[in-house]
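Structural overview for review
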Amino acid sequence: MSETPSTGFWQRLEQIPRAYIYLLLAVVVIWQLVFPIRFEMSPSPSSKGVYDAIRAAPADKLIILSADWDASTEAETGPQTTAIMRAILSGKKKFAILNLVSPAGVKLADARAVAVAKEYNATRGLDWCNWGYKVGTSNVIIGLTKNIPGTVKSDSAGTPVGKIPMMAQVHDARDIGLVIEISGSAMTEYWIQFFQGVSGTPLANAITAVMAPGYYSYLDSKQLQGMLVGAKGAAELENLEGRPDRAMRIMDVQSWAHLLILLLVVVGNLGYLLSRRGNR
Amino acid sequence: MAFNPHIVVIWATALATLGVYSVLYRENPVSRLCEHIFVGLSLGYLLAITWTENLLPKWWSPIVTDGQWYWIFAPVVGFLFYFIYSRRLSWLARLAMGLFIGTAAGQSFRGLYPLLWPQVTSSFKPLRATPSVAWPNVILHNWLFVIVLLTVLSYFFFSVRPETKPGRVLSRSGSLGRWFLMIAFGAMFGNTVMARLSLFIGRVQFLLHDWIGHYWHWLAQKMM
């Protein structure tokens, strides 16, 4: 088969070995982590919605953080959780962590709460608590609308709810100012169906970027007050809080990685088109 | 430098990360080993957590410490599922399945209205400018929304013969809807790439910051 030299070159561009592409991506990521070049960031309306919902939550009511994530999505949901906790504690509000999906995630969210609480001199049991992992997903959510102490019973360390000071005035959904669902799974629907849709309590979510396209319709219908999309959402909340941290660093790196991917897509397609023309 | 058990965790995590990523070059025994360790750990963890977080507080403790003896019958219902393997007694398994399916269907039915009805009502958008919403916004948002909604719905409408006049209209509208769906899938794929990259950056951040970074600080202290 005879090939012109130019066709061979474009065909080679189209078939760059994937190991080289991964290597190039790793080089760009490491380069940007070591010598970051910052991109300007403006918060999206969905992230602003989460920030506003936290600000609007009454100080005398509890915010539930349904931290339904574990190590597999921590790069996105971890910074989201930290940024949300900071936004809550900086507004002098209280939160309770709950996990309905992944028992492995309870300690991860707890560690982040301990670190954030230290920054704001917040006390466990007074400003925040961890209800731990509860089995039963929808049944637990239904139970929370009517009887929170009876459903939660004890926190992650086994302390009965009655002995947690901040839980003294928390009885049912009327004592909840906001629910924020943080996960990489479709848990938001459960909270809409069995909590927000029943009690009218405001709901927001923080999800992995893969999940995001399916939830914009819930923002449009106001079933969700706001939504943090992946690490980008976490970075935007950090920006709104005025506390740049790990998520903003991830997004700086990610922007460069996206530029590289765009370049590779263009090169690959250009190679395809030109090699096809060469074959004619 | 004093021994810190946390260092062992960091080293194990770093080596496992590198081991798993080594598959990007080619299939190799190290990545296989990491996979097997991960699967074994996950299964062991799942078994332990099922007992400590589920069976112990919800079943064992109520029987033993609270005297709620009737919970003894809960596993009996669960074990009914295994009668599916018996041709003669499989009807017992159907009893258990019926119970679970009925409960799940009831819950889903209950949740349908709060989930979907607000979506239906929010799709009724004003198509004329109002004092609060200017024309450009109406055309860009509301008209576009309604056009996309109707064309995508028409793509999934199969009850009219395509050779009839209404069928041809629906077919053209459905083609446009298909394009809109393709754009949506493209957006979804873009988000997937973004999510996967975030996970990768998270791992590299760990390797540079928590693993190598730990020794970098230690080395800097030694040299000062």
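Numbering of residues begins from 1 in every chain and follows the order in which that chain's sequence is written. In the order they appear in the text, chains get letters beginning with A and ligands get numbers beginning with 1. Side-chain atom pairs in this predicted model are given and counted only at pLDDT of 80 or more, local residue features only at pLDDT of at least 70, and totals for whole chains, interfaces and linings cover all residues.

1. Some points on the overall build of chain B
We count it as follows: Think of it this way: any DSSP run of H or I at least four residues long counts as a helix, any run of E at least two long counts as a strand, and we number them from the N terminus. Radius of gyration here is computed from C-alpha atoms only, and the compact-globule reference equals 2.2 Å multiplied by the residue count raised to the power 0.38. Using C-beta atoms placed from the backbone, we call a residue buried if 20 or more other C-beta atoms fall within 10 Å of its own, exposed if 12 or fewer do, and partly exposed for counts in between.
In terms of regular secondary structure, chain B is built from six helices and zero strands. Rg of the C-alpha trace for chain B: 29 Å, well past the compact-globule value of 17 Å for 224 residues, more than 25% over. Projected onto its principal axes, the C-alpha coordinates of chain B cover approximately 80 × 70 × 45 Å. Across the 224 residues that make up chain B, the buried fraction comes to 5%.

2. Examining the interface of chain B and chain A
This is how it is decided: Placing a C-beta atom from the backbone of each residue, one calls two residues in contact when those atoms lie within 7 Å.
Of the residues lining the interface, 31 residues belong to chain B; the matching set on chain A comes to 35 residues. The set of elements that each furnish at least two residues to the side of chain B that touches chain A consists of helix H2 (29–64), helix H4 (90–122) and helix H6 (165–223) of chain B. Per-element tally for the side of chain B that touches chain A: the top contributor is H6 of chain B, with 17 residues.

3. Re unusual backbone geometry
All names here are of chain A. Non-glycine residue Lys-92 carries a positive phi angle of around 60°. Tracing the sequence through the fold places Lys-92 in the loop between helix H4 (74–90) and strand E2 (94–99). Exposure remark for Lys-92: the 10 C-beta atoms within 10 Å place this residue in the exposed category. Positive phi, normally seen in glycine, also occurs at Thr-137, with a value near 30°. Inspection of the secondary structure assignment puts Thr-137 in the loop between strand E3 (128–133) and helix H6 (138–146). Since 15 C-beta atoms lie within 10 Å of it, Thr-137 is described here as partly exposed.

4. Looking at the domain arrangement of chain A
Filter applied, for reference: For each domain, the first and last residues come from an automatic or database assignment.
The domain boundaries assigned to chain A delineate domain 1 (5–35 + 252–279) and domain 2 (45–243). For domain 1 of chain A and domain 2 of chain A, the distance between their C-alpha centroids amounts to 40 Å.

5. Points about the pairing of E3 of chain A
All names here are of chain A. Filter applied, for reference: Pairing between two strands requires that DSSP report at least two bridges joining them. Note on handedness: a clockwise path from strand one over the helix to strand two, with the strands aimed away from the viewer, defines a right-handed crossover.
Most of E3 is tucked away, with six of its six residues classed as buried. Of the pairings in the sheet, the one linking E2 to E3 comprises five bridges and is parallel in character. Residue pairing across strands places Asn-99 opposite Tyr-133, the latter belonging to E3. As a crossover connection, the stretch from E2 through helix H5 (residues 105–119) into E3 is right-handed.

6. Notes on the pairing of strand E4 (residues 176–183) of chain A
All names here are of chain A. Of all eight residues in E4, eight are buried, a share of seventy percent or more. In this structure, strand E1 (residues 62–68) lies alongside E4, joined through seven bridges in parallel fashion. By the bridge assignment for E4, Leu-65 is matched with Ile-180. Judged from the five bridges that link them, E4 and strand E5 (residues 203–207) form a sheet pairing that is parallel. In the sheet register, Glu-181 faces E5, and the bridge partner there is Asn-205. After leaving E4, the chain enters helix H8 (residues 188–199) and then returns to the sheet as E5, a path that is right-handed.

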